[in-house]
Amino acid sequence: MTSNLLPTYLRADLAFERGEGVWLIATDGTRYLDFAAGVAVNALGHAHPRLVDALYAQAQKVWHVSNLYRIPEAERLAQRLCAATYADTVFFANSGAEAMECAIKMARKFHAANGKPERYRIVTYEGAFHGRTLATIAAGGQQKYLEGFGPPVDGFDQVPFADFEATKRALGEATAAILIEPIQGEGGVRVASPQILKSLRKLCDERGLLLIFDEVQTGIGRTGELFAYQRAGVTPDIMAIAKAIGGGFPLGACLATAEASKGMTTGTHGSTFGGNPLAMAVGNAVLDVVLDPAFIDNVRKRALVLKQRLAEIKDKYPTVIAEVRGEGLLIGLRAVGPNGDLVNALRAEKLLTVAAGDNVVRLLPPLIVGDAEIGEAIAMIDRACAHLARAPAAATKQGAAV
Ligand SMILES: *Cc1c(COP(=O)(O)O)cnc(C)c1O
């Protein structure tokens, strides 16, 4: 397999020609049940008619105009995102890392606008993933992503995940904000309890800090709420979203309160492509579907069924699956053997999943998944587990955590 692509990814030798809902059809015609959903991106599955129509209709009008002009589609999407959340204002970018960059810059600028530019540090959590730019790898703090890229961007203090006492100890005169994923996705589907999120909110209020949620993976219905913060009953000051908001079109956004964003005045930030009409048309179409209460209801019902069936599988194959965890359709199977072996065994049964940290395999089906497809997935998982239980395969790097 030779390729001119920079070899930064360990790719499976598999390519897809098209998709239909929860299915992906490989170039050789094989049908795969897609419980990876482009890593929590294809929330409406593949080739959803509403998204196809929206993209096609916008493509015939105008694709890109730049942010030198008003973009009505962007104003509409921002208005709808604010109406659906705690936020007052939105910045559009093209990816999760860029949404996070805006969040980090905004938190620093807030304190500068308050006359305290020395408050620039952000407390982050072990196992975090916030993207692959220089600032976001520093925020994530994972050595494997920082290695060889020079001095990490300064300003991040890392503590064990969801550890309140350690968070408190990490605060200092220079602290600007606390940044957390309500559920760590890449980190292995590790859930922060509503209590810890409430405690962090209180701590931020007491100390004049901003609370930043990275909902790039958890947002847009994945956890059975439109956003994971809604389950905890606390609101952040700043929130980064991406992945599912574009349904497969590159789109990220940073949502904030008017107060938290007050330093981000004209000229302080920008993006050439951010919020362009094509992306906005798709984002609005995603919201058309996702904001229907029946949509989130489907996520909750299907999640309940899937979790129950997975609990049975875990009991049946204790030498293969150690734990089932997660919220909604962000589900982690902690493997007993190497998680890469489980990903491979599932793929051999034509089920696509994603590896994560903590030896976890993520199940991230499109949120439109139905009971019949869940039934098929369970049958595939059952066969893959039976195979692994019979013949524990040698450790392989294929499909290992990204
Ligand atoms: C995927 C992800 C990111 C990075 O998004 P990109 O679009 O790859 O830049 C950031 N934070 C979280 C929680 C993610 O899951």
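How each quantity is defined
- Residues numbered from 1 in each chain as written.
- Predicted model: local features only at pLDDT ≥ 70, side-chain atom pairs only at ≥ 80, totals over all residues.
- Heavy atoms only, no water.
- Buried < 20%, exposed > 50% of the residue type's maximum accessible area, 1.4 Å probe, protein only.
- Helix = DSSP H or I, 4+ residues; strand = E, 2+ residues; numbered from the N terminus.
- Arc of directions from axis to C-beta.
- Contact = heavy atoms within 4.5 Å.
- Axes fitted to C-alpha atoms, helices over the stretch in contact; angles between N-to-C directions.
- Parallel < 35°, antiparallel > 145°, perpendicular 65-115°, else oblique.
- Left-handed = near helix turned anticlockwise from the far one by under 90°.
- Nonpolar A, V, L, I, M, F, W, Y, C, P; charged D, E, K, R; others polar.
- Phe/Tyr/Trp six-rings, centres within 6.5 Å; stacked < 30°, edge-to-face > 60°.
- Near = heavy atom within 4 Å.
- Polar contact = N/O pair within 3.5 Å; in protein donor to acceptor, adjacent residues only side chain to side chain.
- Areas by Shrake-Rupley, 256 points an atom, 1.4 Å probe, with all protein chains shown as cover.
- Pairing = 2+ DSSP bridges.

Trainee: Explain helix H2 (residues 49–59) here, please?
Mentor: Spacing of three or four residues puts side chains on the same side of an α-helix, whose turn is 3.6 residues. All of the buried residues in H2 are Leu51, Ala54 and Gln58. Down the axis of H2, the smallest arc covering the buried residues is 65°, so these residues share one side. Exposed residues pointing more than 90 degrees away from the buried face of H2 are listed as Pro49, Asp53 and Tyr56. Packing partners of the buried residues in H2 comprise helix H3 (72–84) and helix H10 (277–290).

Trainee: Can you walk me through the packing of H2 against H10 in this structure?
Mentor: How two helices pack is summed up by the angle between their axes together with the distance between the axes. Between H2 and H10, the least distance of the axes is 9 Å, while the angle of their chain directions is 150°. Considering the angle they form, H2 stands roughly antiparallel to H10. Helix-helix and strand crossings are classified by hand; for H2 and H10 the assignment is right-handed. Each of Arg50, Leu51, Ala54, Leu55, Gln58 and Ala59 in H2 lies in contact with H10, whose residues at this interface are Pro277, Leu278, Ala281, Val282, Ala285, Val286, Asp288 and Val289. Tallied by class, residues from the contact of H2 with H10 come to eleven nonpolar, one polar and two charged.

Trainee: Looking at this model, I keep getting lost on the packing of aromatic side chains. Mind explaining?
Mentor: Geometry of an aromatic ring pair is reported as the spacing of the ring centres plus the angle between the planes. This structure, assessed with the given rule, holds five aromatic pairs. Pairing Phe16 with Tyr32 gives two aromatic rings, centres 5.7 Å apart and planes at 85°, and the pair type is edge-to-face. Of this pair, Phe16 sits in strand S1 (residues 16–20) while Tyr32 sits in strand S3 (residues 31–34); the two residues are 16 residues apart in sequence, bridging distant segments of the chain. Measuring from centroid to centroid gives 6.3 Å for Tyr125 and Phe161, while their planes differ by 90°, and the two rings are edge-to-face.

Trainee: Explain the site of the ligand here, please?
Mentor: Around the ligand, the surrounding shell consists of Ser95, Gly96, Ala97, Phe129, His130, Gly131, Glu181, Asp214, Val216, Gln217 and Lys243. A distance of 2.7 Å separates a nitrogen atom of the ligand from a polar atom in the side chain of Asp214. Protein contact buries 82% of the 380 Å² of open area that the ligand shows by itself. Taken together, the residues of the shell around the ligand sort by class into three nonpolar, five polar and three charged.

Trainee: Help me understand the side chain of Glu186, please; the structure alone is not making it clear to me.
Mentor: Of note, Glu186 is situated in the loop between strand S8 (183–184) and strand S9 (190–191). Its relative accessible area of 13% is what places Glu186 among the buried residues. One polar contact links Glu186 to Gln217, side chain to side chain, over a distance of 3.2 Å.

Trainee: Even after reading the chapter, I still don't get the sheet that holds strand S7 (residues 175–180), so can you show me in this structure?
Mentor: Note: strands within a sheet are paired through backbone hydrogen bonds, in either parallel or antiparallel orientation. Spatially, seven strands are ordered S4-S12-S11-S10-S7-S5-S6 in an open sheet, and the strand pairing comes out mixed. Either end of the sheet is taken by a strand with one partner, and the two such strands are strand S4 (89–93) and strand S6 (156–159). Averaged over neighbouring strand pairs, the angle between their axes works out to 20° when direction is ignored. Two elements, strand S5 (residues 121–125) and S7, share three bridges in a ladder whose sense is parallel. Paired with Ile122 across the bridge in S7 is Ala177.

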